[in-house]
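Observations on chain architecture
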Amino acid sequence: MMSSDHSEPKNIPSPQVINNASLAHQGSPHKFLIPSPFISRRTRTFSTSERAKEGPRLAGTIRSFCRNRGHGWVLPANAAEPLFVHISDIEGEYVPKEGDEVSYQTCPVPPKNEKVQAVHVQITHLAPGVSHEKWDCPSPKS
């Protein structure tokens, strides 16, 4: 006999995020999770973290960063294609803003490891004329 727990899909609250996954579509009748292709510091394997630490430090500029969404883009000094950066990979006391100069290392993005993302990102020079907030301050409403 089938229990009532398995007869209907469970309604998952929209702000809930489990194991680096998010809801597929807010209005969708399907209540399944889609994993993110980008890995955060928390879900990265030890060997991947060690390889990233051994790599060279590169320079770049923050193209955009959204504190509320938890990610942004770094424009490398020597390349045209921006690199993804997750909020967990930002080091230091300030939230990055567009135009900030940063140093970073790279880490391959699974499953094919063809692209890389910026990790261990540190702000080296704050953009002039831009108001910077610290991580411990409340996020301004957008």
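Structure shown above.
Re the pairing of strand 3 (residues 58–66)
Relative to strand 7 (residues 101–108), strand 3 runs antiparallel, the two being bridged by four bridges. For Gly60, the partnering residue across the bridge sits in strand 7 and is Val102. Between strand 3 and strand 4 (residues 71–76), which follow one another and run antiparallel, lie four residues, and Gly70 among them has a positive phi close to 85°.

Side note on the environment of Phe65
Relative to the helices and strands, Phe65 is located in strand 3. C-alpha of Phe65 to C-alpha of Val95: the two residues are 30 residues apart in sequence and 8.5 Å apart in space. When sequence neighbours within four positions are dropped, the list of residues in contact with Phe65 reads His71, Gly72, Val85, Ile87, Ile90, Val95, Pro96 and Trp135.

Description of the packing of aromatic side chains
As enumerated under the stated definition, the model contains two aromatic pairs in all. Ring plane angle 85° and centroid distance 6.4 Å describe the contact between Phe65 and Trp135, whose orientation is recorded as edge-to-face. Of this pair, Phe65 sits in strand 3 while Trp135 is found in the segment after strand 8 (116–125), placing the two residues 70 residues apart along the sequence. Accessibility expressed as a relative area gives 24% for Trp135, which makes it partly exposed. Here Trp73 and Phe84 contribute two aromatic rings whose centre-to-centre distance is 5.6 Å and whose plane-to-plane angle is 80°, an arrangement assigned as edge-to-face. Remark: Phe84 occurs in strand 5 (residues 83–86) and Trp73 occurs in strand 4; sequence separation between them is 11 residues. For Trp73, a relative accessible area of 29% puts it in the partly exposed group. The class of Phe84 is buried, set by a relative accessible area of 8%.

Focus: the environment of Lys53
For Lys53, the position within the fold is in helix 2 (residues 46–54). According to the relative accessible area criterion, Lys53 is partly exposed, its value standing at 48%. Counting along the chain gives 52 residues from Lys53 to Gln105, while the straight-line C-alpha distance between them is 7.2 Å. Setting aside chain neighbours within four positions, we find Lys53 in contact with Gln105 and His120.

Criteria and cut-off values
Residues numbered from 1 in each chain as written. Predicted model: local features only at pLDDT ≥ 70, side-chain atom pairs only at ≥ 80, totals over all residues. Heavy atoms only, no water. Pairing = 2+ DSSP bridges. Helix = DSSP H or I, 4+ residues; strand = E, 2+ residues; numbered from the N terminus. Contact = heavy atoms within 4.5 Å. Phe/Tyr/Trp six-rings, centres within 6.5 Å; stacked < 30°, edge-to-face > 60°. Buried < 20%, exposed > 50% of the residue type's maximum accessible area, 1.4 Å probe, protein only.

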